[in-house]
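Structural characterization, general
This is what each chain is made of:
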Amino acid sequence: MRSKHPSSGPQNLLTDAQQTFLYAACFYPYVRIIMEQACVFGACKCFFLPGYIPGCEESLSRQQVWSGLVGLPASPAHCPVSIHTMQHHSALSHGAAAPWQSPTASSMARSETQPSHAHPDRDYHPQPGGGRGCLTRCFALPSAGYRYNDLVSPHYLTMIANLSGCSAHRRTPNCSDICFHQKYRTHDGSCNNLQHPMWGASLTAFQRLLKPAYQNGFNLPRGFSLAEDGRDLPLPLPRLVSTAMIGTETITPDDQFTHMLMQWGQFLDHDMDQTVAAISMSRFSDGAPCSEVCSNDPPCFSIAVPANDPRVRNGRCMFFVRSSPVCGSGMTSLLMNSVYAREQINHLTSYIDASNVYGSTEQESRELRDLSGRKGLLKRGRVVPSSGKHLLPFAVGPPTECMRDESESPVPCFLAGDHRANEQLGLTAMHTLWFREHNRVATELGALNPHWDGDLLYHEARKIVGAQMQHITYAHWLPKVLGEAGMKMLGEYKGYNPNVNAGILNAFATAAFRFGHTLINPILYRLNETFQPIRQGHIPLHKAFFSPFRIIQEGGIDPLLRGLFGVPGKMRVPSELLNMELTEKLFSMAHSVSLDLAAINIQRGRDHGIPPYNDFRVFCNLSSAQEFEDLRNEIKNLEIRENLYGTTKNIDLFPALMVEDLVPGTRVGPTLMCLLTTQFRRLRDGDRFWYENPGVFTPAQLTQIRQASLARVICDNSDHIQQLQRDVFRVASYLQGMVSCEDIPAVDLRLWQDCCEGEEGMLCH
Ligand code: HEM
């Protein structure tokens, strides 16, 4: 294989560093994880994934080494292709025995997955740089004479980390352009906190409230296997928990709030967090796709299905891939001569900054901007003839998840600031609204300030859009979710506190905020101007996944939006949690065994080492439950108390938070309230650009931002909606409960008119 890198230099010469790398590749349990990281952070070096380095024999050509070292530019999506190519040319494809299946190789591979003789309680002492003896004993590293730090000195380990890209993402942001950083957010969230510039930045580790709970104290999910001495109590299979207490056919409509309460929650979540998935969807050990195997072999961690499952039979399982670890945590921490438990990565900026509109990296933001007209706009897609407004642009590149069934849909995915914009039609409609809102604001600012250039228009519009999202979230949405009790717990805003880290908590992203899954109706309603079903009818949720063609062919975004604010949402009832579209038909178009969102959430919690519910009760000043009876004040549901979990110490966080009885006047139970307020307080107090932080806006501008509402954004950016209720989260009947858009207050952008040309003033740029 020849390097395609144009400036890759003399390919027949290997420097010391490169040879060291090759040498280290022999320890591929480590190297492969570094590779996983390298792909995540841009320079994808798939060629070194295990299985393709046959025991570091001569067969690995120098060119291969070189092309691995220079990192052929490839996006993560290309990795499997590269793997495939390598596999094709491998010894195996010519009928020879697979060298990586030699006992040594497979036992080394197992060291990541099956430290069966590890006894965490007795042996694990998480001391940074915990010593070689501990490493081999605790993590069952291969004992046949391999001790990685005997063979590779710390100096070389660092070099390997650097070469592999493992340390490349430890970016040190440059916050020196203080004129910019005083006024505007960066796209990746860095430099928000000037003392800790990476706090809240994209592609950094999730925060932890409590130390992670892994089965081996280090990187293996709880419930992964039972200790041989029977010390562990079995954890129920996530799919069993789902079928026993989560899936529901019965839906009770919310008597107060619309389905928009759910939709804002998801849209908001996609401004705050997205966990980086493992870079490959295929087993590292032999390249088999995780969708076709039922093994727990990294990165596959398939969801096992109980024998008597109501839907899935014949020993089949559900697709699941572990989240990518932070480089230098879990196995790769050993490379750095230390022992740190596995941590996961947030792809997004944690701040509520409309990163779902603008992207979470500089590069993403560039792909979304229309730099041609210097008007500060975002790129636009097709025009809707009836309104003259634009749809989102299409994502370019290889066929995507939106075009799985060519006969049904030749329409590609839409491109937006968050990669999940096409996940279901209601969400896509929200993305469309907000990208239009940016362009509307930028255009209006341009008319008010003809001397502003494209960059200034873009940044000012972006600032206003982000501030509106914060206002809608804290002034309109959170009070409905948290009620009076929760808002009191959240407390008043008292100004920016640079000591608060606004990073997203792992337990928030992996369990608490997924409470929104219990608000989802199984049907997306689609209503016409008189709030009657459209000709094509309502749509069951599973037909709304990744189907942007329906926006183009079935009436645009208006019917979906009316269906969100014109129909009650699903009430949170502890005995009616996730609708069956989510537990039995999730992404059915793409998977031979449809997925189950409840089982995924539980499995994800274990993947991330989320400690059990009881530990969070203690964090939240509730009692530590010794007996199931001790839960009776917060959880009436007997299923979780009596049948599924052997001990109160074992209960997974997600299902327990979901079955907590609601605090009156709220949509949450007590521990969930505590976790949500903890996160939302940090997001507010630790954000230097919080819209109410004095100096971010002038007092007059802030008064205007406080006029913002989702109703107004719908009036301004839907195709034709003219009738709606002032508060679109609150149930209202057509026509009596609704008003005309003329009666909905708007943000007066004249307060952004630059009145100080040539002199210091409000907006002297
Ligand atoms: C129809 C609507 C929705 C669908 C189909 C959906 C589906 C999903 C799926 C497939 C995942 C990835 C699970 C995993 O692999 O771990 C996910 C993650 C998540 N969902 Fe939803 N979801 C919906 C609505 C919501 C709502 C309303 C909320 C909150 C109010 C929410 C909050 C979250 C959070 C916090 C995550 C984790 C994101 C991360 O990786 O950081 N979702 N959802």
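Its UniProt record gives the protein chain a comment under Subcellular location (unreviewed entry), which states: "Secreted".

**Structural notes on the overall build of the protein chain**
Within the protein chain, the regular secondary structure consists of 28 helices and 10 strands. The 765 residues of the protein chain split such that 59% are buried. Of the contacts formed within the protein chain by residues at least 6 apart in sequence, a portion of 72% connects residues at least 24 apart. For the protein chain, the exposed surface amounts to about 30100 Å²; the carbon and sulfur share of it is 53%.

**Regarding the environment of proline 559**
Structurally, proline 559 can be placed in helix H20 (residues 558-565). For the pair proline 559 and isoleucine 534, spaced 25 residues apart in sequence, the C-alpha separation works out to 7.2 Å. The contacts of proline 559, once residues within four sequence positions are left out, are Tyr525, Arg526, Leu527, Ile534 and Glu554.

**Describing the state of the cysteines**
Counted under the stated rule, the structure contains six disulfides. Each sulfur in the disulfide pair cysteine 620 and cysteine 674 lies 1.9 Å from the other. On the sign convention where negative is left-handed, the bridge of cysteine 620 and cysteine 674, at about -80° about the S-S bond, is left-handed. In this pair, cysteine 620 is assigned in the loop between helix H23 (613-619) and helix H24 (638-644) and cysteine 674 in helix H26 (residues 670-685), connecting sequence segments 54 residues apart. No difference in accessibility class separates cysteine 620 from cysteine 674, as the two residues are buried.

**Focus on the coordination of the iron atom of the ligand**
Tetrahedral coordination by four donors places them ideally at 109.5 degrees to one another around the metal; octahedral coordination by six donors ideally gives 90 or 180 degrees. Counting protein donors around the iron atom of the ligand gives one, His517 (NE2), at 2.1 Å. By the secondary structure assignment, histidine 517 is in the loop between helix H18 (506-510) and strand E5 (523-524).

**A closer look at the site of the ligand**
Near the ligand there are 22 residues, and of these Asp273, Thr275, Glu423, His517 and Arg604 occur at the shortest range. Between the ligand and the protein, one listed contact pairs an oxygen atom with a backbone N or O atom of threonine 275 at 2.8 Å. The separation between an oxygen atom of the ligand and a polar side-chain atom of arginine 514 is 2.9 Å. Broken down by secondary-structure element, the contributors of at least two residues to the shell around the ligand are helix H12 (260-272) and helix H22 (597-607). Partitioned by chemical class, the residues of the shell around the ligand number nine nonpolar, seven polar and six charged.

**What to know about unusual backbone geometry**
Cis geometry marks the peptide bond from proline 298 to proline 299; its omega dihedral reads -5°. Summarising the element assignment, proline 299 is placed in the loop between H12 and helix H13 (331-335). In this structure, leucine 735 follows tyrosine 734 across a cis peptide bond, with omega equal to 5°. Along the chain, leucine 735 falls in the loop between strand E9 (723-724) and strand E10 (739-740). Here phenylalanine 531, not a glycine, exhibits a phi torsion of approximately 60°, which is positive. Here the phi dihedral of phenylalanine 587 falls at roughly 50°; this positive angle occurs in a residue that is not glycine. Along the chain, phenylalanine 587 turns up in the loop between helix H21 (580-584) and H22.

Cut-offs used in this document
Residues numbered from 1 in each chain as written. Predicted model: local features only at pLDDT ≥ 70, side-chain atom pairs only at ≥ 80, totals over all residues. Heavy atoms only, no water. UniProt positions renumbered as here; feature names shortened; annotations may be inferred. Helix = DSSP H or I, 4+ residues; strand = E, 2+ residues; numbered from the N terminus. Buried < 20%, exposed > 50% of the residue type's maximum accessible area, 1.4 Å probe, protein only. Contact = heavy atoms within 4.5 Å. Areas by Shrake-Rupley, 256 points an atom, 1.4 Å probe, with all protein chains shown as cover. Disulfide = S-S within 2.5 Å. Donors = N, O, S within 2.8 Å, 3.2 Å for Na, K, Ca; no water. Near = heavy atom within 4 Å. Polar contact = N/O pair within 3.5 Å; in protein donor to acceptor, adjacent residues only side chain to side chain. Nonpolar A, V, L, I, M, F, W, Y, C, P; charged D, E, K, R; others polar.

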